[in-house]
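Report on the structure
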Amino acid sequence: MNRLNTLSSCMALAAVGYTGLVNAQTPLPVQTLPRVEITGSNIKRIDTETATPVQTVRREDIARLGVSSVKELLDTLSSADSGINTLSDISGSNSFAGGASAASMRNLGKESTLILLNARRVAPYALADYNEVFTNLDALPLEAVERVEILRNGGSAIYGSDAVGGVVNIITRRDYQGLQASASREESLKNRRYANSTASLTGGFGNLEQDRYNVLVNVELYKRGSVVQRDVLDDINPIYGEKFVSLREGSGRMFGNRGAPSTFSYPGNIVGNVGGNPLPGCTTVAAGNCFYDRTTRFELVPASERANMLLAGRVRFSDALESYSELLLSKTKTTYQAPFATYANSANAAPIVWGNPVTGQIKTFYYRGLPATHPLNTTGQDDADFRYRFVDAIGESVNDASQYRLLTGLKGSWGNYEWDSAIGVMGSTAKDRSRGNFSESGFLQLIGNYDPAQTDATFFNKPGGYRIGQPNSDAVINTLFPAHGTDGEIKQYFWDGKISGDVGTINDRPIAMALGFDVRRESFTITPTANRLAGDIVGYGSAATDASRTHSSVFAEVNLPVTQSLEVTGAARLDSFPGFAAHWSPKIGAAFKASEKLLLRSTVETGFRAPNLTESAQSTKVSFTSAVSDPQRCAQTRALANNLRAAADALPANDPNAALQYARADSIETNECATSIANITLNNPNLKPEETLSATLGFVLQPTPSTSMSLDYFNIERKNEIANKTARELLASEASLPPGVITRNSLAQDTTFSAVERVLYGVTVGPLASLRQQFENVSKTKTSGVDIAAQSRVDTGWGKLDLGMTATYLMELSKFSATLNAYGYNLAGTYTYPKLTLNLTANLRTGAFSNGLRAAYQSSTTLSGDFNDQDYNEVGCESLGWTASECRVGDYVRWDYNLSYTGIKNLTLTAFVRNILDRRPPYDLRALNETGGGQILQGFQDTQGRSLRLKAEYKFW
């Protein structure tokens, strides 16, 4: 076959991130170059640049990025989503799949990005994130990685379901000999927090060519400490101090008194008590109230421990037959610290609404005050205003998970054909346990009847019950705050195989073809604890699944060298899942060598994602949608809150009623403008697969042997998306919905407005209670943009300088609205969707020293989202008192520096400085406004500042 010459091979390697450029002036005979398999194709080839755009991150590149996990590595990709659009174990405390991290590409979600390890699937995480099933990146090795190949468009024609947004293929070391140990430590230089440590041992023995075998063993350990807001309060951006109220000064109305000490304290406050408000035993009294520092329980980073092991072996029986086996084991544990449970009577806290998964009925927990007969209540009034924090409750959530994959296979050659087949089993288990939430039955037993319509003279004073501000027995605490959670298990058995080779010629140019199959049996169980399943945990939802299925696929791929310069590739895959017709995913691509320096390429393909077992099989999910703004009550609530704050401002600074007015204003604003609402979602056996049509068009250019660049336009349209309608969308069309979809409490149950205030502010409907729906093929998404990559190597007087750039420019991201029956706004450049993500790198190698510099940039975004986001558009920001500049998240660039030294035999020392300029990320007023509970920090990046990672690697032999 007359393929691209060595120069074009060099150009191709450079375009996907290869820094060790081949010497183009000494071409090798084509027949001496080995064929290799590239992600996105089942056909082995000599030239690594194909019609499909693939980015490669090699081992030396990973070292320069200063990352300590696969998740951190993928977050550096310009084509990957980051921030609050992705799941990580850091931000997963409120997730159905806490303790895990996921990847998402092209803003299409974590379930549409396929993760492979050595070109084969890895078991999904055993807990679905609501309905999304994904691979836990924290269970994958990093030190054993040789390179990572990223297919930046769909790959269903090659890899099947889930490869809609992209494919990440993590390739481990092959034929490694030696023993190497490494250890690293990273922490913030600003406050010595945000620390993590890693250690690994990698060993390999046996030369595959000489000894006919090779064994690789890699063990990795990772540990990260917890950080709470109190640890770093002195390091927050000063601008936040200007935005938040000072309890002493009574100024800064933008976010009420968030961040100030809380009157929800221990041993508590009873407003209006004779002789003073604070109860006996209070250690922090100010302005007539007992206060609690809530920042000690607001966690920015949870503690985490991980252990991963990879064992791989290969035996070559002959030049035509080889066996291989792999064993992947991982254990992860993430511990989330949660705020202690609080209590306040109904005048200051909205009822908690949740669902009973068994009956599907809505339940409502009301906060009632202390009765006049309670010994601590000296007000003489029933339903006394009582504020309390259960500091004896255990406020935490622990996620323990394990993952495994065991496979064995044979591969070899048969005449002109190469074949490969493997069988294996893989799976994952996860156990999530939380403490610190009321048991409804325990509350009734130990505290009393929370229904304000029922008389309970012994409320909070039952014999043998919970005692306010006093020691309580373990039995009482365990009954009132029992452990609850979910157990998950997923298991898959598989058998796959493929054969490839030349099947004909076109003008003496060989036609290559690949054929293959894949058969899988999977089972998935998600089992809530009995108290969760019974709806006994106040305010908590649940997810339950118990299903299994067998699915299979066959696929084919052909490579046609139409002319000396034009290569056309076609591929198709037929996937069969029970419940709906078999699905074809075809693909066609073309690569045209316009000259020795220019390669043009294009692809068109379809993709699909089959409904997973949590969406189509019998399941029920009771969840809570947070930060919901009620369009029928929020504006009136903000008017009331502003009047309460104005009245509080007029009071003397030491008047305890001022703090109470401020607290009520904050509380009711959260209740109606950033509330949490129960959402009951049922499975739907009639779901269709999600389908996509994607296309790419681009070029690879190498003007000189040491400089290359690529540009690829992408366009993806996805339809039949499986989801349920958002709370915002349902509320926008509430008048047209059938009864039962949106449930509201009656005006008699309104805890935000009094009867007089309802008339004064024009409130005519009751507070939100719940949403009820089922999964549907409800939406569509279209997205387009451009990926750009460039790099060059320059010989300087100090050494070789490698320059690199990767960028993604998002041109369009639009989501279909069933309410409009049309696409909404173009979200490119709106909240959490920056138009431009850019990485610039430079690395200078001088003798034993290597100096690297990286700039990571994201463009500015508005605070508003789609058409139905009325709270943060120009009018909404103006109503909040925010300027035009405050109604945006500014652009941001972070500079990192890497220094490595190899001057000591077998030892490599590395120092990585993240954020060398100690620049703060732009502040995000929307995130702060939607963060409840008095938190004054939305994330950890603001207080992390400059950080240092030190790493040592030693090779024993």
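The rules behind the values
Residues numbered from 1 in each chain as written. Predicted model: local features only at pLDDT ≥ 70, side-chain atom pairs only at ≥ 80, totals over all residues. Heavy atoms only, no water. Helix = DSSP H or I, 4+ residues; strand = E, 2+ residues; numbered from the N terminus. Rg over C-alpha atoms; globule rule 2.2 N^0.38 Å. Buried < 20%, exposed > 50% of the residue type's maximum accessible area, 1.4 Å probe, protein only. Polar contact = N/O pair within 3.5 Å; in protein donor to acceptor, adjacent residues only side chain to side chain. Pairing = 2+ DSSP bridges. Contact = heavy atoms within 4.5 Å. Core = buried A, V, L, I, M, F, W, Y, C linked by side-chain atoms within 4.5 Å. Phe/Tyr/Trp six-rings, centres within 6.5 Å; stacked < 30°, edge-to-face > 60°. Disulfide = S-S within 2.5 Å. Expected span 1.5 Å × (residues − 1). Salt bridge = Lys/Arg side-chain N within 4 Å of Asp/Glu carboxyl O. Patch = residues over 30% accessible without salt bridge, like charges linked within 9 Å, V, L, I, M, F, W, Y side chains within 5 Å. Areas by Shrake-Rupley, 256 points an atom, 1.4 Å probe, with all protein chains shown as cover. pLDDT = per-residue confidence, 0-100.

A short note on the overall build of the protein chain
A tally of regular secondary structure across the protein chain gives 16 helices and 43 strands. Relative to a compact globule of 957 residues, whose C-alpha radius of gyration would be 30 Å, the protein chain shows 30 Å and is just as compact. Expressed as lengths along the three principal axes of its C-alpha atoms, the size of the protein chain is roughly 100 × 60 × 50 Å. Counting across all 957 residues of the protein chain, residues that qualify as buried make up 57%.

Considerations on the environment of S885
Take S885: it is sitting in the loop between α14 (874–879) and β40 (888–889). Each C-alpha atom of the pair S885 and T862 lies 9.3 Å from the other, and the pair is 23 residues apart in sequence. For S885, the side chain forms a polar contact with the side chain of T883, separated by 3.1 Å.

Comments concerning the sheet that holds strand β16 (residues 342–344)
What the three strands build is an open sheet, ordered β10-β19-β16; its pairing is antiparallel. The open sheet has two free edges, formed respectively by β10 (269–270) and β16, since each of these has just one partner strand. Strand direction decides the pairing type here: β10 and strand β19 (residues 386–389), joined by two bridges, are antiparallel. Note that in β19 the partner of N269 across the bridge is R387.

Things to note about the side chain of E143
Among the structural elements, E143 can be located in the loop between β3 (120–121) and β4 (145–151). Taking the relative accessible area as the measure of exposure, E143 reaches 11% and is therefore buried. If we ignore the near neighbours within four places in the chain, the residues touching E143 are R59, R173, S182, S200, T202, N218, E220, K951 and E953.

Some thoughts on unusual backbone geometry
Geometrically, the link from Y266 to P267 is a cis peptide bond, its omega value of 10 degrees lying close to zero. The phi angle at N720 is positive, at roughly 55 degrees, despite the residue not being glycine. Within the fold, N720 resides in strand β31 (residues 707–723).

Some details on the nonpolar core
The nonpolar side chains of a soluble globular protein tend to be buried with one another. By size, the foremost hydrophobic cluster in this structure holds 28 residues, and its most contacted members are I62, L73, L74, L140, V148 and I170. Among the elements of the structure, α2 (59–65), α3 (70–75), β2 (113–117), β4, β5 (166–172) and β14 (303–318) are those that each provide at least two residues to this core. Contacts of I170, omitting those with residues within four sequence positions, involve V70, I115, L116, L117, N118, L140, V145, R147 and V148.

Re the pairing of strand β25 (residues 566–576)
Across a regular strand the side chains alternate sides, sitting on one face of the sheet and then on the other. One ladder, built from nine bridges, connects strand β24 (residues 542–560) with β25; its direction is antiparallel. When the bridges of β25 are listed, E557 appears paired with A571. Hairpin geometry of β24 and β25 is characterised by an intervening segment of five residues between the two adjacent antiparallel strands. Where β25 meets strand β26 (residues 583–595), ten bridges bridge the pair, whose relative direction is antiparallel. In the sheet register, A572 faces β26, and the bridge partner there is P586. Taking the residues that link successive antiparallel strands as the turn, the β25-β26 hairpin has six residues, and the phi of G579 there is positive, at about 110 degrees.

Re the packing of aromatic side chains
Any aromatic ring pair is given by two values, namely how distant the centres are and how the planes are angled relative to each other. Under the definition given, this model contains 37 aromatic pairs. When the ring of F365 is compared with that of F443, the centres are 5.0 Å apart and the planes differ by 85 degrees; the resulting orientation is edge-to-face. Taken together, the positions of F365 in strand β18 (residues 362–365) and F443 in helix α7 (residues 440–446) put the pair 78 residues apart, joining distant regions of the chain. Of the two residues, F365 and F443, both sit in the buried class. With a centroid separation of 4.8 Å and an interplanar angle of 40 degrees, the aromatic rings of F849 and Y901 are classed as tilted.

A few points about the state of the cysteines
A full pass over the atoms with the stated rule returns three disulfides. Here C282 is linked by a disulfide to C290, with a sulfur-sulfur distance of 2.1 Å. Here C282 and C290 share a disulfide; its torsion about the S-S bond, 100 degrees, makes the bridge right-handed. Residue C290 is classed as buried on the basis of its relative accessible area, which comes to 0%.

Looking at helix α11 (residues 656–673)
Counted at 1.5 Å a residue, the expected span for α11 with its 18 residues is 26 Å, and the 26 Å between its end C-alpha atoms agrees. Of all the 18 residues making up α11, 14 are buried; the element is thus mostly covered by neighbouring parts of the structure.

Regarding the sheet that holds β4
Here five strands make up an open sheet; going across it, the order is β1-β4-β5-β2-β3 and the pairing mixed. Single-partner strands in this sheet number two, and they are β1 (54–58) and β3.

So, the pattern of salt bridges
The tally for this structure, following the rule as stated, stands at 62 salt bridges. Measuring nitrogen to oxygen at the nearest pair gives 2.8 Å for the salt bridge that ties R744 to D630. Remark: D630 occurs in the loop between β28 (619–628) and α10 (634–649) and R744 occurs in strand β32 (residues 742–744); sequence separation between them is 114 residues. With respect to burial, R744 and D630 carry one shared label: buried. Note that D896 is salt-bridged to R894, the shortest N-O span being 2.7 Å. Overlapping salt bridges, with partners in common, bring together E111, R609, E615, E690, R718 and E721 in one network.

Description of α10
A rise of 1.5 Å per residue sets the reference length of α10, with its 16 residues, at 22 Å; its end C-alpha atoms lie 22 Å apart and thus fit the reference within 8%. Buried within α10 we find C634, Q636, T637, R638, L640, A641, L644, R645 and A648.

So, the environment of L376
Along the chain, L376 turns up in the loop between β18 and β19. In this structure L376 comes out as partly exposed when scored by relative accessible area, which is 24%. In this structure, the C-alpha to C-alpha distance between L376 and I904, residues 528 residues apart in sequence, is 72 Å. When residues no more than four places from it in sequence are discounted, the contact partners of L376 are I270, N273, L279 and I468.

As for a nonpolar patch on the surface
Together, F205, Y213, V315, F317 and L410 make up an exposed nonpolar region whose accessible area comes to about 460 Å². Looking at the secondary structure, you find L410 in strand β20 (residues 396–414).

Overview of the environment of I447
Relative to the helices and strands, I447 resides in the loop between α7 and α8 (474–480). Measuring from C-alpha to C-alpha, the distance between I447 and E186 comes to 47 Å, with 261 residues separating the pair along the chain. Setting aside residues up to four positions removed in sequence, I447 forms contacts with F390, G442, T458, F459, F460, N461, K462, Y466 and L480.

Examining the confidence of the model for the protein chain
When pLDDT is averaged along the protein chain, the result is 87; 91% of the residues meet or exceed 70. Low confidence marks residues 1–33, where pLDDT is under 50. Its contacts with residues over four positions away, or in another chain, come to 75 contacts. With pLDDT under 50 throughout, residues 245–254 is counted as low confidence; its partners more than four residues away or in other chains account for 26 contacts.

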